[in-house]
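The lines below spell out each chain.
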Amino acid sequence: MACQKDHSAIQRIMSDLPTDQGGRGRHKCAACAYEKGFAEGRELEENIDLSSLFYSLEDSQAGAQRHKSPHAAYAKGYLDGVQSYYEDR
Ligand SMILES: [Zn+2]
């Protein structure tokens with residue numbers, strides 16, 4: 001089932017991510033991967049399990065996140081989350 005969340009706020013971030021050319025994450029929602037990465041980065045989470053995360057993600061919806069790399073999306077989200085953590089201190 002395709003993701004039903006509102007990802008309108010992060011479309012510009014999504015459009016800058018590399019396209020995933022048929023990798024295992026290709027049909028997964030990269031926007032959700034970004035948001036999960038952001039949340040974990042903000043917590044400075046150190047035990048990261050991308051395999052389990054990608055397995056649990058919904059399929060991609062239309063929009064800038066379509067066919068984007070969930071690996072890149074998670075990493076970008078994680079970095080943005082870590083920066084947010086320090087900016088708020
Ligand atoms: Zn999503």
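Just so we're clear, the structure is a prediction, and the values are computed from it rather than from any experiment.

Visitor: Explanation requested: the coordination of the zinc ion in the structure shown.
Guide: Tetrahedral metal sites with four donors have an ideal angle of 109.5 degrees; octahedral sites with six donors have ideal angles of 90 or 180 degrees. Surrounding the zinc ion are the protein donor atoms Cys 3 (SG), His 7 (NE2), Cys 29 (SG) and Cys 32 (SG), at 2.1 to 2.3 Å. Angles of 103 to 121° at the metal separate the 4 donor atoms of the zinc ion, which places the site in the tetrahedral class. Counting along the primary sequence, the residues that act as donors to the zinc ion give the motif C-x3-H-x21-C-x2-C.

Visitor: So what exactly am I meant to see when it comes to the nonpolar core here?
Guide: Generally speaking, nonpolar side chains in soluble globular proteins are found buried as a group. If you look at the biggest cluster of nonpolar residues, it comprises 15 residues, and the most contacted ones within it are Met 14, Leu 57 and Ala 73. Elements supplying a minimum of two residues to this core: α2 (30-42), α3 (50-56) and α4 (70-87). Sort the elements by how many residues they give to this core and α2 lands first, with 5 residues.

Visitor: Mind showing me how you'd approach unusual backbone geometry here?
Guide: It is generally the case that most residues other than glycine have a negative phi and that most peptide bonds are trans. Phi angles above zero are rare outside glycine, and Leu 44 is one such case at about 50°. Position of Leu 44 relative to the elements: it lies in the loop between α2 and α3. Phi angles above zero are rare outside glycine, and His 67 is one such case at about 65°. By secondary structure assignment, the location of His 67 is in the loop between α3 and α4.

How each quantity is defined
- Residues numbered from 1 in each chain as written.
- Predicted model: local features only at pLDDT ≥ 70, side-chain atom pairs only at ≥ 80, totals over all residues.
- Heavy atoms only, no water.
- Donors = N, O, S within 2.8 Å, 3.2 Å for Na, K, Ca; no water.
- Tetrahedral: all angles 85-135°; square planar, octahedral: opposite > 155°, others 65-115°.
- Core = buried A, V, L, I, M, F, W, Y, C linked by side-chain atoms within 4.5 Å.
- Buried < 20%, exposed > 50% of the residue type's maximum accessible area, 1.4 Å probe, protein only.
- Helix = DSSP H or I, 4+ residues; strand = E, 2+ residues; numbered from the N terminus.

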